[in-house]
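Descriptive analysis of the structure
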Amino acid sequence: MPVYTVHEPPLRTAGALAEAERFVFVRDGFYWWAFLLTPLWMLWRRLWLVLLIYVVCSALIDTAMRVIGAPASAIALIDILISFLIGLEASTLLRFTLRRRGWQNVGVVSGDDLEDAERRFFDAWVRRGPAPRVAPPAGPAAPPSPAPARSPTGEASGVIGLFPEPGAQR
């Protein structure tokens, strides 16, 4: 059963409720079109930054392979492997682009197909109500640094933990 992540768009006006028809469901799994037609798939999905990185990296790798004298079959194999990697990571690239554009991941849902996943998600979403927008929590406080160990004379010994101090009696 496919698993989808659900992404909520940034609100157009302050205080407005999220528009359910604008939610995006990103299926987790292999994307055949991303593998077969990599640059066209990126253009279709409007992944501009990903496309730019793909073109630059592919050009650099192809140029490096030609400079070292690799045969054309090896260069073609490398290009196919890069496209295969894009097919495997297409959902991650979509999520990356959505997050960069301000979309918020609001859940994960599974379903037999996209329609079933949408129905399951919105049934649960309507029951609990849309989550209020809050600022992300502050990072954890830094743990206090331990006080340096002291010798019986009161000097810092530089020993850390439960190890005995040098020259100390038991």
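For the structure given in this document, a descriptive report is provided here. Once a new chain begins, its residue numbering starts again from 1 and follows that chain's sequence as written. Restriction of local features to residues with pLDDT of at least 70 applies here, the model being predicted, together with a cutoff of 80 or more for giving and counting side-chain atom pairs; totals for whole chains, interfaces and linings are based on all residues. With hydrogens and water stripped out, all remaining heavy atoms of the structure feed into the side-chain values.

Things to note about the packing of aromatic side chains
Both the distance between ring centres and the angle between the ring planes are used here to describe each pair of aromatic rings. Keep this limit in mind: In this analysis, rings of Phe, Tyr and Trp, with Trp reduced to its six-membered ring, are considered paired at centre separations within 6.5 Å, and the interplanar angle assigns stacked below 30 degrees, edge-to-face beyond 60, and tilted for intermediate values. Working definition: helices are DSSP H or I runs of at least four residues, strands are E runs of at least two. Numbering for both runs from the N terminus. Working definition: with a 1.4 Å probe on protein chains only, accessible area under 20% of the residue-type maximum means buried, over 50% means exposed, and in between means partly exposed.
Tallied over the full model, the rule gives 14 aromatic pairs. Ring plane angle 65 degrees and centroid distance 5.6 Å describe the contact between phenylalanine 23 and phenylalanine 122, whose orientation is recorded as edge-to-face. With a gap of 99 residues between them, phenylalanine 23 in the loop between strand S1 (3–8) and strand S2 (24–27) and phenylalanine 122 in helix H5 (residues 114–128) connect regions that are remote in the sequence. We classify phenylalanine 23 as buried; its relative accessible area is 8%. Among the residues examined, phenylalanine 122 registers a relative accessible area of 19% and is labelled buried. Measuring from centroid to centroid gives 5.8 Å for phenylalanine 25 and phenylalanine 121, while their planes differ by 85 degrees, and the two rings are edge-to-face. In this pair, phenylalanine 25 sits in strand S2 while phenylalanine 121 sits in helix H5, placing the two residues 96 residues apart along the sequence. Relative accessible area serves as the criterion here: at 14%, phenylalanine 25 is assigned to the buried category.

A few points about the side chain of aspartate 62
To keep things clear, this is the line we draw: For this count, His and the chain ends are skipped, Lys and Arg are scored as positive, and Asp and Glu as negative. Every case where a carboxyl oxygen of Asp or Glu lies within 4 Å of a side-chain nitrogen of Lys or Arg is listed as a salt bridge. Any two residues whose heavy atoms approach within 4.5 Å are treated as being in contact.
Structurally, aspartate 62 is set in helix H3 (residues 48–67). Arginine 66 is the oppositely charged side chain nearest to the buried, salt-bridge-free aspartate 62, at an N-O distance of 4.5 Å. Look past the residues within four positions of aspartate 62 in its chain and what remains in contact with it is Ile75 and Asp79.

Notes on the pattern of salt bridges
All told, the structure shown has three salt bridges when counted by the stated rule. Here aspartate 116 ties to arginine 119 by a salt bridge, and the two come within 2.7 Å at their closest N and O atoms. Of this pair, aspartate 116 and arginine 119 both sit in helix H5, three residues apart, which is roughly one turn of the helix. Taking relative accessible area as the criterion, arginine 119 reaches 45% and is therefore assigned partly exposed. One salt-bridge network, in which partners are shared between bridges, spans Asp116, Arg119 and Arg120.

Some remarks on the sheet that holds S2
How we decide: The pairing criterion is simple: DSSP has to find at least two bridges between the two strands. Axes here mean lines fitted to C-alpha atoms, for a helix over just the part in contact, with angles spanning 0 to 180 degrees between N-to-C directions.
Strand order across the open sheet formed by three strands is S2-S1-S3, with antiparallel pairing between neighbours. Looking at the sheet topology across the chains shown, the edges are occupied by S2 and strand S3 (104–110). Averaged over all neighbouring strand pairs, the angle between strand axes comes to 30 degrees, with direction disregarded. When S1 meets S2, the two strands line up antiparallel, connected through four bridges. The partner of threonine 5 across the bridge, within S2, is valine 26. Helix H4 (residues 72–100) rests against S1 and S2 of the sheet, and its axis sits at about 150 degrees to S2. The sheet strands contacting H5 are S1, S2 and S3, and the helix crosses S3 at an angle near 120 degrees.

Considerations on the layout of surface pockets
Convention followed: Think of a 1 Å grid over just the protein atoms. A cavity is a set of points where a 1.4 Å probe fits yet cannot get out, a pocket is an open set with protein on both sides within 12 Å along at least five of seven lines, and lining residues have an atom within 4 Å of a point. Grid points are joined across faces, edges and corners, and a volume is the space filled by probe spheres set on the points. Classification convention: Asp, Glu, Lys, Arg as charged; Ala, Val, Leu, Ile, Met, Phe, Trp, Tyr, Cys, Pro as nonpolar; all other residues, Gly among them, as polar.
In this structure, the largest pocket encloses a volume near 370 Å³. Lining the largest pocket are 16 residues, and of these Val24, Phe25, Val26, Arg45 and Leu94 lie nearest its centre. Elements with a contribution of two residues or more to the lining of the largest pocket: S2 and H4. Broken down by element, the residue count for the lining of the largest pocket peaks at four residues, all from S2. A class-by-class count of the residues in the lining of the largest pocket yields eleven nonpolar, one polar and four charged.

Concerning unusual backbone geometry
Note on backbone geometry: most residues besides glycine have negative phi, and most peptide bonds are trans. Unlike most non-glycine residues, arginine 46 shows phi in positive territory, near 60 degrees. For arginine 46, the location among the structural elements is in the loop between helix H2 (38–44) and H3.

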